[in-house]
Amino acid sequence: MSEKIIRLPQVKELVGLGTTAIYEKMKRGEFPRQIKIGRASGWIESEIQAWISQQIRQSRAEPPDRAAARAGAPR
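For the structure given in this document, a descriptive report is provided here. (Residues numbered from 1 in each chain as written. Predicted model: local features only at pLDDT ≥ 70, side-chain atom pairs only at ≥ 80, totals over all residues. Heavy atoms only, no water.)

Along the chain, serine 41 falls in strand β3 (residues 40-44). Residue classification places serine 41 among the buried positions, given a relative accessible area of 17%. Separated by 3.0 Å, the side chains of serine 41 and glutamine 34 make a polar contact. When residues no more than four places from it in sequence are discounted, the contact partners of serine 41 are Arg7, Gln34, Ile35 and Lys36. (Helix = DSSP H or I, 4+ residues; strand = E, 2+ residues; numbered from the N terminus. Buried < 20%, exposed > 50% of the residue type's maximum accessible area, 1.4 Å probe, protein only. Polar contact = N/O pair within 3.5 Å; in protein donor to acceptor, adjacent residues only side chain to side chain. Contact = heavy atoms within 4.5 Å.)

All right, on to helix α1 (residues 8-15) then. Buried within α1 we find Leu8, Val11 and Val15. For α1, the angular spread of buried residues about the axis comes to 60°, placing them on one side. Seen from the open side of α1, the exposed residues pointing more than 90 degrees away from its buried face are Pro9 and Glu13. Elements in contact with the buried residues of α1: β1 (5-6), α2 (19-27), β3 and α3 (45-60). (Arc of directions from axis to C-beta.)

On to α3. Here α3 contains 16 residues, and its C-alpha end-to-end distance of 23 Å stays within 8% of the 22 Å for a straight helix at 1.5 Å per residue. On its buried face, α3 is in contact with β1, α1, α2 and β3. (Expected span 1.5 Å × (residues − 1).)

Here the focus is the packing of aromatic side chains. Taken as a whole, this structure holds two aromatic pairs when the rule is applied. Ring geometry for tyrosine 23 versus tryptophan 43: centroids 6.2 Å apart, planes at 65°, classification edge-to-face. Linking tyrosine 23 in helix α2 with tryptophan 43 in strand β3, this pair joins segments that are 20 residues apart in sequence. Consider the rings of phenylalanine 31 and tryptophan 51, whose centres lie 4.8 Å apart with planes at 65°: the pair is edge-to-face. In this pair, phenylalanine 31 sits in the loop between α2 and β2 (35-37) while tryptophan 51 sits in helix α3, placing the two residues 20 residues apart along the sequence. By the burial criterion, phenylalanine 31 is buried, and tryptophan 51 matches it. (Phe/Tyr/Trp six-rings, centres within 6.5 Å; stacked < 30°, edge-to-face > 60°.)

We now examine the nonpolar core. Among the nonpolar cores identified, the biggest contains 11 residues, and these are Ile6, Leu8, Val11, Val15, Ile22, Met26, Phe31, Trp43, Ile48, Trp51 and Ile52. If you list the elements that add at least two residues to this core, you get α1, α2 and α3. (Core = buried A, V, L, I, M, F, W, Y, C linked by side-chain atoms within 4.5 Å.)

Tallied over the full model, the rule gives two salt bridges. The salt bridge partner of glutamate 30 is arginine 28, with a shortest N-O separation of 3.0 Å. Given a relative accessible area of 38%, glutamate 30 falls into the partly exposed group. Salt bridges sharing partners connect three or more residues here, namely Lys25, Arg28 and Glu30. (Salt bridge = Lys/Arg side-chain N within 4 Å of Asp/Glu carboxyl O.)

Coordinates in, geometry out; function isn't part of it.
This is the structure we're talking about:
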């Protein structure tokens with residue numbers, strides 16, 4: 001499998017976040033870390049795509065408290 005390295009402008013476009021938000025999330029371990037390519041840096045595209053997929057799954061998951069309330073509610 002061929003991995004593609006993408007630079008910050010492309011990462012920002014893919015994820016819809018600004019530079020500061022991306023670096024803050026990286027610092028907290030909530031976003032893929034960049035790799036060094038010479039004096040420049042980039043991200044592995046497949047890791048960014050996986051992060052996007054994870055965000056979609058998390059946003060569409062039903063909160064546990066709602067699921068529990070619905071399970072106990074009369075029908």
